[in-house]
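Below are the chains, spelled out letter by letter.
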Amino acid sequence: MAKANLRVLHDPETGERDVAHCLHCDNALCLEACPTGAIYRDGETKIVRINPMKCIGCRSCVAACPLGVMWFHEAEGSARKCDLCDGDPKCAKYCSPGAIRVVDRENYLDEIQEGR
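Residues numbered from 1 in each chain as written. Predicted model: local features only at pLDDT ≥ 70, side-chain atom pairs only at ≥ 80, totals over all residues. Heavy atoms only, no water.

Chemist: Just checking my understanding: could you explain the overall build of the protein for this structure?
Modeler: Counting secondary structure elements, the protein contains four helices and six strands. Starting at the N terminus, the α and β elements of the protein follow one another as β-β-α-β-β-α-β-β-α-α. Long-range pairs, those at least 24 residues apart, make up 40% of the contacts in the protein between residues at least 6 apart in sequence. Only carbon and sulfur atoms are counted for the fraction: they give 52% of the accessible area of the protein, which is about 8,200 Å². (Helix = DSSP H or I, 4+ residues; strand = E, 2+ residues; numbered from the N terminus. Contact = heavy atoms within 4.5 Å. Areas by Shrake-Rupley, 256 points an atom, 1.4 Å probe, with all protein chains shown as cover.)

Chemist: I tried to follow the packing of aromatic side chains on my own but got confused; where do I start?
Modeler: Aromatic ring pairs are defined here through the distance separating the ring centres and the angle between the ring planes. Under the criterion given, the structure shown has zero aromatic pairs. Stacked on the ring of phenylalanine 72, the Lys or Arg arginine 59 has its end atom at 3.7 Å from the ring centre. (Phe/Tyr/Trp six-rings, centres within 6.5 Å; stacked < 30°, edge-to-face > 60°. Lys NZ or Arg CZ within 6 Å of the ring centre and 35° of its normal.)

Chemist: For this particular structure, what's the right way to read a negative patch on the surface?
Modeler: Residues Asp11, Glu13, Glu16 and Asp18 make up a contiguous surface patch of negative charge. Note on placement: aspartate 18 falls in strand E2 (residues 17–20). (Patch = residues over 30% accessible without salt bridge, like charges linked within 9 Å, V, L, I, M, F, W, Y side chains within 5 Å. Salt bridge = Lys/Arg side-chain N within 4 Å of Asp/Glu carboxyl O. Lys, Arg positive; Asp, Glu negative; His and termini not counted. Charge placed at Lys NZ, Arg CZ, Asp CG, Glu CD.)

Chemist: Just to check I follow, could you spell out the state of the cysteines for this structure?
Modeler: Linking two cysteines covalently through their sulfur atoms gives a disulfide. In this structure the tally under the stated criterion is zero disulfides. In this model cysteine 34 remains outside any disulfide bridge; the closest cysteine sulfur is found in cysteine 58, 6.3 Å from its own. On the accessibility criterion, cysteine 34 (18% relative accessible area) is buried. Cysteine 95 takes part in no disulfide bond, and the closest cysteine sulfur, belonging to cysteine 91, lies 7.9 Å away. (Disulfide = S-S within 2.5 Å. Buried < 20%, exposed > 50% of the residue type's maximum accessible area, 1.4 Å probe, protein only.)

Chemist: Where do I start with unusual backbone geometry in this structure?
Modeler: Excluding glycine, most residues fall at negative phi; most peptide bonds, likewise, are trans. One non-glycine residue with positive phi stands out, namely histidine 24, at about 50°. In this structure, histidine 24 sits in the loop between E2 and helix H1 (29–33). Classification of histidine 24 as buried rests on a relative accessible area of 8%. One non-glycine residue, cysteine 85, lies in positive phi territory at about 45°. Among the secondary structure elements, cysteine 85 is positioned in the loop between strand E6 (78–80) and helix H3 (90–93).

Written as structure tokens, this is what we have:
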């Protein structure tokens, strides 16, 4: 069974939780910080992906990500982040209240402003 590569952020003072959302940035700082090329952009889907076999565990990508999305899987020795489940994000697909949705980049700001 595959495990989610999401990172849940928890504020111990307020008890609030949030899921760190990877935006697969046009200018992906995690990709630029990777010294081995383990982080790359898929040419077809444009998803920023990680090849765990090339990851050396330096955690440069974790430090570079301004959104706090990148995390390090200690047991497997490689960096992780959301990979959109190869284009079919299960978190959005199975979120019954619709709290998690996939939104096109072009419509992202419009949806936030409209409060959807």
